[in-house]
Amino acid sequence: MKIKRKLKHILPKDTVNAIQRKKAYRRIRKAEKNEARRFTSHFASSTSSSLVQIESRLIFFVHQIEKGFSFDIYQYGRGRHALTQISALITQLMATDANWRHNLVYQEAILALGEYLRRHVQAGHDISFITDIFNEQINHEIESSSQHEYPSIEVSYDSKKDNAAANFSELTERRHAIRSYSDTPVTKQDLEPVIELALRTPSVCNRQPTRVRIFTDKDTITQALKVQGGFGGYDAPPALILVSSDLQAFMNINEHNEGYVDGGLFAMSLLYALEASGYAACPLNTMFSTETDEETRRLLAIPDNEVLIMYIAVGHFRDTSRICLSRRFNLDHVLLN
């Protein structure tokens, strides 16, 4: 240790800095290797067989079907690949979960498939592409589900007028992901007080690494969301927020993922602040491939020292909007002994 301290005093600062960064690089490569092993061992791939993995994939593909229900103009025939995946996953679920009929994920899938079938039948479309995918038992349950009203939620502009006075419990119940907005513009100046509400979000050692950008130019928003890929079928929102974290706020290798933690906390605070302020909003994923990340950075001039956390589409509520129920797991599913 004494020798190291002496060398730090003897060597030029640039040399010491270069040595420290090289050591940090070796440590982070080791950490990344361990994280890659853990993730690739457990993520929900197409060959996964655990109940959580099957449920997660089923939720993902059912969500693709559900999203279409909130389009202003419904796209008949949309989601055929998702239907094929759902069928295979339901078969896996039945073989894995002895109590599959009471599984919340299965029940949500049947509700969505029932609504999908109902819309196609009412519009006079051929439904063989749906019924051919599923076995007789599941088709019977889908048919039964299609006879009942889909459990959607109607969100109205009037119901949001007292959001600022709502307590936190009420606010969490009221907040939903809204993807369609009124034509009323949203300006950067409108959103600055909302972002200020989120500034009390905790961060590691109060270093506050979160950075926020607001885009209101329609062309820029349209291009950004086209690259993002998860907003197809909806008009561009009046405003798009990008939340990121500045890596310059962190001090050692153990904190290399802290930007995502602090940025995620801030983004959730911001979503609640938007709800409290009477704005409709929808969080959008920015966990991009290398190519998509680079394209986004070029388009929006995001420097290399920031990591992307999420987009948030923002607008004013319409008079009424219908959205999917999206039921949550109960406490027993989340709280472990």
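Scroll up to find the structure this text is about.
Residues numbered from 1 in each chain as written. Predicted model: local features only at pLDDT ≥ 70, side-chain atom pairs only at ≥ 80, totals over all residues. Heavy atoms only, no water.

Novice: Any chance you could explain the overall build of the chain here in plain terms?
Specialist: Looking only at helices and strands, one finds 13 helices and 6 strands in the chain. By principal-axis analysis of the C-alpha atoms, the chain measures approximately 80 × 50 × 40 Å. Taken across its 337 residues, the chain has 41% of its residues classed as buried. In the chain, of all internal contacts separated by at least 6 residues, the share reaching a separation of at least 24 is 79%. Only carbon and sulfur atoms are counted for the fraction: they give 52% of the accessible area of the chain, which is about 20100 Å². Distance between charge centroids for the chain: 14 Å, based on 41 positive and 40 negative side chains. (Helix = DSSP H or I, 4+ residues; strand = E, 2+ residues; numbered from the N terminus. Buried < 20%, exposed > 50% of the residue type's maximum accessible area, 1.4 Å probe, protein only. Contact = heavy atoms within 4.5 Å. Areas by Shrake-Rupley, 256 points an atom, 1.4 Å probe, with all protein chains shown as cover. Lys, Arg positive; Asp, Glu negative; His and termini not counted. Charge placed at Lys NZ, Arg CZ, Asp CG, Glu CD.)

Novice: Whenever I open this one, the packing of helix 3 (residues 51-67) against helix 4 (residues 80-96) confuses me. Can you help?
Specialist: What describes two packed helices is the angle between their axes and the distance between those same axes. For the pair helix 3 and helix 4, the least separation of the axes is 9 Å and the interaxial angle reads 150 degrees. Judged on the interaxial angle alone, helix 4 and helix 3 are roughly antiparallel. Seen along the crossing, helix 3 lies across helix 4 with a hand that is left-handed. On helix 4, the residues that touch Leu51, Ile54, Glu55, Arg57, Leu58, Phe61, Val62, Gln64 and Ile65 of helix 3 are His81, Ala82, Leu83, Gln85, Ile86, Leu89, Ile90, Gln92, Leu93 and Thr96. (Axes fitted to C-alpha atoms, helices over the stretch in contact; angles between N-to-C directions. Parallel < 35°, antiparallel > 145°, perpendicular 65-115°, else oblique. Left-handed = near helix turned anticlockwise from the far one by under 90°.)

Novice: I keep staring at the side chain of Glu108 and nothing clicks. Help me out?
Specialist: Topologically, Glu108 is positioned in helix 5 (residues 104-122). Side chain to side chain, Glu108 and Arg327 meet in a polar contact 2.5 Å long. Those residues in contact with Glu108, other than ones at most four positions away along the chain, are Val62, Glu66, Ser326 and Arg327. (Polar contact = N/O pair within 3.5 Å; in protein donor to acceptor, adjacent residues only side chain to side chain.)

Novice: Any chance you could explain the packing of helix 3 against helix 5 here in plain terms?
Specialist: Where helix 3 contacts helix 5, the two axes come as close as 10 Å, and the packing angle between them is 25 degrees. By the criterion of interaxial angle, the relationship of helix 3 to helix 5 is roughly parallel. Relative to helix 5, helix 3 is oriented so that their crossing is left-handed. Of the residues in helix 5, those touching helix 3 at Glu55, Leu58, Ile59, Val62, Ile65 and Glu66 are Val105, Glu108, Ala109, Ala112 and Tyr116. Split into classes, the residues belonging to the contact of helix 3 with helix 5 amount to 8 nonpolar, no polar and 3 charged. (Nonpolar A, V, L, I, M, F, W, Y, C, P; charged D, E, K, R; others polar.)

Novice: How should I be thinking about helix 12 (residues 290-300) in this particular structure?
Specialist: What sets the pattern is the α-helix's 3.6 residues per turn: residues three or four places apart point alike. For helix 12, the set of buried residues is Thr292, Asp293, Thr296, Arg297 and Leu300. The buried residues of helix 12 occupy an angular sector of 135 degrees when projected down its axis, which confines them to one face. Exposed and oriented more than 90 degrees from the buried face of helix 12 are Thr290, Glu291 and Arg298. One or two residues past the end of helix 12 sits Ala301, with phi positive at roughly 60 degrees. (Arc of directions from axis to C-beta.)

Novice: Would you take a moment to explain the state of the cysteines for this structure?
Specialist: The tally for this structure, following the rule as stated, stands at 0 disulfides. With no disulfide of its own, Cys282 has Cys324 as its nearest cysteine by sulfur position, at a separation of 11 Å. (Disulfide = S-S within 2.5 Å.)

Novice: Got a minute to help me understand the pattern of salt bridges in this structure?
Specialist: Working definition: two side chains of opposite charge can pair if their charged atoms are close together. Throughout the structure, instances matching the rule amount to 15 salt bridges. Note that Glu32 and Arg29 form a salt bridge whose closest N and O atoms lie 3.9 Å from each other. Here Glu32 pairs with Arg29, and both are found in helix 2 (residues 13-42), just 3 residues apart, close to one helical turn. Members of the salt-bridge network, linked through shared partners, are Glu115, Arg118 and Arg119. (Salt bridge = Lys/Arg side-chain N within 4 Å of Asp/Glu carboxyl O.)

Novice: Looking at this structure, I do not really get helix 10 (residues 218-228). What am I missing?
Specialist: Burial in helix 10 covers these residues: Ile221, Ala224, Leu225, Val227 and Gln228. Seen from one end, helix 10 has its buried residues packed into an arc of 155 degrees, which puts them on one side. Of the residues in helix 10, the exposed ones pointing more than 90 degrees away from the buried face are Lys218, Asp219 and Lys226. Residues of helix 10 that are buried make contact with strand 2 (210-215), strand 3 (239-246), strand 4 (279-285), helix 12 and strand 5 (306-316). At the C-terminal side of helix 10, Gly229 shows a positive phi close to 90 degrees.

Novice: I would appreciate a short explanation of a nonpolar patch on the surface in the present structure.
Specialist: Nonpolar side chains collect at one region of the surface, where Ile59, Phe329 and Val334 lie side by side and expose about 260 Å² of accessible area between them. Ile59 sits in the partly exposed class, given a relative accessible area of 40%. (Patch = residues over 30% accessible without salt bridge, like charges linked within 9 Å, V, L, I, M, F, W, Y side chains within 5 Å.)

Novice: How should the packing of aromatic side chains be read in this particular structure?
Specialist: The relative placement of two aromatic rings is captured by the distance of their centres and the angle of their planes. Evaluated as defined, the whole model comprises 10 aromatic pairs. Their ring planes at 5 degrees and their centres at 5.2 Å tell us that Phe39 and Phe43 sit as a pair that is stacked. Residue class for Phe39 comes out exposed when judged on its relative accessible area of 54%. Under the relative-accessibility criterion, Phe43 is labelled partly exposed at 35%. Geometrically, the ring pair formed by Phe168 and Tyr272 is edge-to-face, given 5.2 Å between the ring centres and 65 degrees between the ring planes. Here the residue Phe168 occupies a position in helix 8 (residues 168-174), and Tyr272 occupies one in helix 11 (residues 258-276), the gap between them amounting to 104 residues. Cluster of aromatic residues (ring-pair linked, three or more members): Phe69, Tyr74, Tyr76 and Tyr150. In this structure, Arg80 is placed above the aromatic ring of Phe129, and the distance from its NZ or CZ to the ring centre is 3.9 Å. (Phe/Tyr/Trp six-rings, centres within 6.5 Å; stacked < 30°, edge-to-face > 60°. Lys NZ or Arg CZ within 6 Å of the ring centre and 35° of its normal.)

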